[in-house]
Amino acid sequence: MPTDPLGRFLAALDPEHREAVGARPRQEQERLAAAWERELEADDELDTLDELSPAAAEAEAARRVLERESD
């Protein structure tokens, strides 16, 4: 399992989104990974989910970040 923020973010994405994000410039990928980390830190609901399933919390945070990107 990756330990760097970008690797963890990419791992949290579903395969389709992982491929799409992986095709973006590195700087854009890092910006999204930073937003993902902020989402994980800031949302109390994700803290609760993280206690039950860290992978599910990371996936939900990734989904939210990408959803905001598409708005």
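Residues numbered from 1 in each chain as written. Predicted model: local features only at pLDDT ≥ 70, side-chain atom pairs only at ≥ 80, totals over all residues. Heavy atoms only, no water.

Asks: Please give an account of the pattern of salt bridges that cites residues and values.
Replies: Applying the stated criterion across every chain yields a total of 12 salt bridges. A salt bridge links Glu60 to Arg63; the nearest nitrogen and oxygen atoms lie 2.6 Å apart. Taken together, the positions of Glu60 and Arg63, both in helix α5 (residues 54-70) and three residues apart, correspond to about one turn of that helix. Salt bridges sharing common partners tie together Glu39, Asp43, Glu45, Glu60, Arg63, Arg64, Glu67 and Arg68. (Salt bridge = Lys/Arg side-chain N within 4 Å of Asp/Glu carboxyl O. Helix = DSSP H or I, 4+ residues; strand = E, 2+ residues; numbered from the N terminus.)

Asks: Any chance you could break down the environment of Arg63 for me, citing the residues and the numbers?
Replies: The class for Arg63 is partly exposed, based on a relative accessible area of 41%. Remark: the alpha-carbon pair of Arg63 and Asp14, spanning 49 residues in sequence, is separated by 8.8 Å. Engagement of the side chain of Arg63 in a polar contact is seen with the side chain of Glu60, the distance being 2.6 Å. (Buried < 20%, exposed > 50% of the residue type's maximum accessible area, 1.4 Å probe, protein only. Polar contact = N/O pair within 3.5 Å; in protein donor to acceptor, adjacent residues only side chain to side chain.)

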